[in-house]
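Chain by chain, the residues:
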Protein chains: 2
Amino acid sequence: MRRIKLVVAYDGTRYCGWQVQPNGLSVQEVLNKALSDLFKTPVTTIGASRTDAGVHALGNVAVFDTEARMPAGRIAFALNTYLPEDIRIQGSEEVPLQFHPRFTETVKTYEYRILNRTFADPCRRLTSTFWYGKLDLEAMKKAAALLEGTHDFKSLATANPAVTDTVRTIYKTSLWKEDDMIRFQITGNGFLYNMVRIIVGTLMEIGKGTWPTEYMETLLEARDRTKAGPTARPEGLTLLWIRYPEWGF
Amino acid sequence: MRRIKLVVAYDGTRYCGWQVQPNGLSVQEVLNKALSDLFKTPVTTIGASRTDAGVHALGNVAVFDTEARMPAGRIAFALNTYLPEDIRIQGSEEVPLQFHPRFTETVKTYEYRILNRTFADPCRRLTSTFWYGKLDLEAMKKAAALLEGTHDFKSLATANPAVTDTVRTIYKTSLWKEDDMIRFQITGNGFLYNMVRIIVGTLMEIGKGTWPTEYMETLLEARDRTKAGPTARPEGLTLLWIRYPEWGF
């Protein structure tokens, strides 16, 4: 028995999210089916990150166990021929059987993209959110930096009864504009439900001048979701990559 | 009566192209319908460039005539509320009634994007073509530069009985790689049917080493389509903008 780690990229537009759900097609369901077809035996994956409907990934992680002898690195190429064009494996490798992609120390990086110009661009509508007005990038950058470190992020998450510990560590944030696209990247050891999207909704309010930069500190102290900005739209969000420092990959 | 010029952007994915056709939905059809709804009277546009199925535009041009009194600059904003998300007007202005977007000296710029990495990226599959192998960018750049100037482009176009003059002038080409995306831009006074896509198909063969850089000169002299590379896929192509030097816009 070998455990294989997959790096999974997908366009989340037509999926109800990563996780198998009774209503709607999930990325995991399509992936399980493709693996089962490839190996001609039922295969079930364990995913690292349960991205929401419409959210994209360049590097989500999933593992599965197999008795098949195909060289681990070849699986990515073989599996892609069984997948629809909106899901593409980016790599496959053997990992120890003890490795679990979720119950393990992780470092995740997300990117959120805001298209900031007078008119929307149809070709980028599914991979960014659109805002025509002025945004104070310096204020947004400073507010984002206030999130770095270990904080209680209760104000910046949708309540989830299954999660009582709302303390997380943000290692790094960066925000810059490339031509007409604002790109915001955030790296941390874990993210609460809707956390990145609520952070972006809050940063946009700060960018518009609704709140001063320092409001981000007040907000963290408040531990009150109603004091933050709205949840930014899903299509602007991409899970870029996940690292497992304990495992060296 | 006023003549209004529209700059039209669209994601060509679900359209049969710009021009109204008996089978399939065209961009022009949807645009005419939106204008007719906005002005509550039948409106027909004249388009500058008849892009093919799957080809995108950031700046195609169309004109229409109207008796309506809405300020010209406001039309773009009003019209967008009547259009689907995959078509977005980028600007509107009044132009002289004599201005015709097609029977006029034009300068057009197209961009073709080739995603060049080991694995395809689902989020960019509809706005680029994918090639996993090595491409010699210097050879491609030099071959592209050989197209600059006035040449007979018969070898680099799909035959069109309605067009007998196959001489065109290319003012500028540029080709560079940004991260994993190769971007090729070409500016000229006109392009024959499928010309940019056949140029790209040929540049890719040169990049792969099938032909040397100088083959581009041999090809122009041959005036024979069968000697060129394949027609590159439509989704990599975007019509960036159109200028009318005689009219100063």
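Note that the structure is predicted; figures quoted are calculated from it, not measured.

Draft legend 1. Broad picture of the pairing of strand 5 (residues 107–115) of chain A. All names here are of chain A. Across the nine residues of strand 5, eight count as buried, placing the element largely inside the fold. Relative to strand 10 (residues 237–243), strand 5 runs antiparallel, the two being bridged by six bridges. Bridge pairing in strand 10 links lysine 108 to isoleucine 242. For strand 5 and strand 9 (residues 181–188), the ladder comprises eight bridges, and the chain directions are antiparallel. Across the sheet, the residue bridging to arginine 113 is arginine 183, located in strand 9. Pairing between strand 5 and strand 6 (residues 129–130): two bridges, direction parallel.

Draft legend 2. Representation of the side chain of B:Asn116. You can see B:Asn116 is positioned in the loop between strand 5 (107–115) and strand 6 (129–130). Not counting residues within four places of it along the chain, the set of residues in contact with B:Asn116 comprises B:Trp131, B:Tyr132, B:Gly133, B:Leu135, B:Lys177, B:Asp180 and B:Ile182.

Draft legend 3. Up close: the packing of aromatic side chains. This model, assessed by the stated rule, comprises 20 aromatic pairs over all chains. Summarising the aromatic geometry, the rings of B:Trp211 and B:Tyr215 are spaced 4.4 Å apart at their centres and angled 20° between planes, so their arrangement reads as stacked. Clustering of aromatic rings is evident, with ring pairs tying together A:Phe99, A:Tyr244, A:Trp247 and A:Phe249. Looking at A:Lys208, its charged tip hangs above the ring of A:Trp131, at a distance of 3.9 Å from the centre.

Draft legend 4. The arrangement of the UniProt feature "domain: Pseudouridine synthase I TruA alpha/beta" (unreviewed entry) in chain A in detail. All names here are of chain A. Per the UniProt entry, the sites bearing "domain: Pseudouridine synthase I TruA alpha/beta" (unreviewed entry) are residues 7–103 and 143–245 in this numbering. Between the C-alpha atoms that bound residues 7–103 there is a distance of 17 Å. The span itself is 23% helix and 27% strand. Secondary structure within residues 143–245 divides into 24% helix and 30% strand; the distance between the first and last C-alpha atoms comes to 28 Å.

Draft legend 5. The UniProt feature "binding site: substrate" (unreviewed entry) in chain A, seen in detail. All names here are of chain A. The UniProt record marks Tyr110 with the feature "binding site: substrate" (unreviewed entry), using the residue numbering of this structure. In this structure tyrosine 110 comes out as buried when scored by relative accessible area, which is 8%. A polar contact of 3.2 Å, which involves the side chain of tyrosine 110, links it to the side chain of serine 49.

Draft legend 6. Just the packing of helix 3 (residues 137–145) of chain A against helix 4 (residues 195–208) of chain A, in detail. Residue and element names in this part refer to chain A. Relative orientation of the contacting elements helix 3 and helix 4 amounts to 140°, with a least axis distance of 8 Å. When the axes of helix 3 and helix 4 are compared, the pair comes out oblique. The handedness of the crossing between helix 3 and helix 4 is right-handed. Mapping the contact onto sequence places Ala139, Met140, Ala143 and Ala144 in helix 3 and Leu203, Met204, Ile206 and Gly207 in helix 4. Class assignment of the residues belonging to the contact of helix 3 with helix 4 gives a composition of seven nonpolar, one polar and no charged.

Draft legend 7. Focus on the confidence of the model for chain A. In this model, chain A carries a mean pLDDT of 97, and residues with pLDDT of at least 70 account for 100%. Per the prediction output, this complex has pTM 0.95; the corresponding ipTM is 0.94.

Draft legend 8. Inspection of the interface of chain B and chain A at higher detail. Each partner contributes to the interface: chain B provides 24 residues, whereas chain A provides 24 residues. Between chain B and chain A, roughly 1900 Å² of surface is buried when both sides are summed, and carbon and sulfur atoms account for 64% of that area. For chain B, the biggest contributors to the area lost against chain A are B:Phe119, B:Pro122 and B:Cys123; these three give 32% of the whole. Across the contact surface, chain B and chain A share two salt bridges.

Draft legend 9. Seen up close, helix 1 (residues 27–39) of chain B. Residue and element names in this part refer to chain B. Between its first and last C-alpha, helix 1 extends 18 Å over 13 residues, near the 18 Å set by a 1.5 Å rise per residue. When you tally the buried positions in helix 1, you get ten out of 13 residues, the bulk of the element. Check the buried side of helix 1 and you find it contacts strand 1 (2–10), strand 2 (46–47), strand 3 (56–66), helix 2 (72–80) and strand 4 (87–95). One or two residues past the end of helix 1 sits lysine 40, with phi positive at roughly 55°.

What counts and how
- Along each chain, the written sequence defines residue order, and numbers are assigned to residues from 1.
- Naming scheme: in the order in which they are written, chains are lettered from A and ligands are numbered from 1.
- Side-chain atom pairs in this predicted model are given and counted only at pLDDT of 80 or more, local residue features only at pLDDT of at least 70, and totals for whole chains, interfaces and linings cover all residues.
- Water and hydrogen atoms play no part in the side-chain values, which are based on all heavy atoms of the structure.
- When a residue's accessible area, from a 1.4 Å probe over protein chains only, is under 20% of the maximum for its type it is buried; when over 50% it is exposed; and in between it is partly exposed.
- Under the DSSP-based scheme used, a helix requires at least four consecutive residues in state H or I and a strand at least two consecutive residues in state E, with every element numbered from the N terminus.
- Strands are labelled as partners when DSSP assigns at least two bridges between them.
- We call two residues contacting when some pair of their heavy atoms lies within 4.5 Å.
- Stacked, edge-to-face and tilted are the three classes for Phe, Tyr and Trp ring pairs, Trp counted by its six-membered ring, which pair at centre distances within 6.5 Å; planes under 30 degrees apart are stacked, over 60 edge-to-face, the rest tilted.
- Note on geometry: a ring has a charge over it if NZ (lysine) or CZ (arginine) is within 6 Å of the ring centre and within 35 degrees of the ring normal.
- UniProt positions are given in the numbering used here, feature names are shortened, and annotations may be inferred rather than shown by experiment.
- Here a polar contact is taken to be a pair of N or O atoms separated by no more than 3.5 Å, where protein atoms must pair a possible hydrogen donor with a possible acceptor and residues adjacent in sequence count only if both atoms sit in side chains.
- Whenever a helix is involved, its axis is fitted only over the stretch in contact; in every case the axis is a line through C-alpha atoms, and angles between N-to-C directions fall within 0 to 180 degrees.
- By definition in this entry, angles of less than 35 degrees are roughly parallel, angles greater than 145 are roughly antiparallel, angles of 65 to 115 are roughly perpendicular, and the rest are oblique.
- Crossing handedness: left-handed means the near helix sits turned counterclockwise from the far one by under a right angle, and right-handed means the same turn made clockwise.
- Gly falls in the polar group here, along with every residue not listed as nonpolar (Ala, Val, Leu, Ile, Met, Phe, Trp, Tyr, Cys, Pro) or charged (Asp, Glu, Lys, Arg).
- Within a predicted model, pLDDT stands for the predictor's per-residue confidence, ranging from 0 to 100.
- Defined here as a combined quantity, buried area equals the accessible surface (1.4 Å probe) lost by two parts on assembly, summed across both.
- Here, a salt bridge means any side-chain nitrogen of Lys or Arg that lies within 4 Å of a carboxyl oxygen of Asp or Glu.
- To estimate how far a helix should reach, multiply one less than its number of residues by 1.5 Å.

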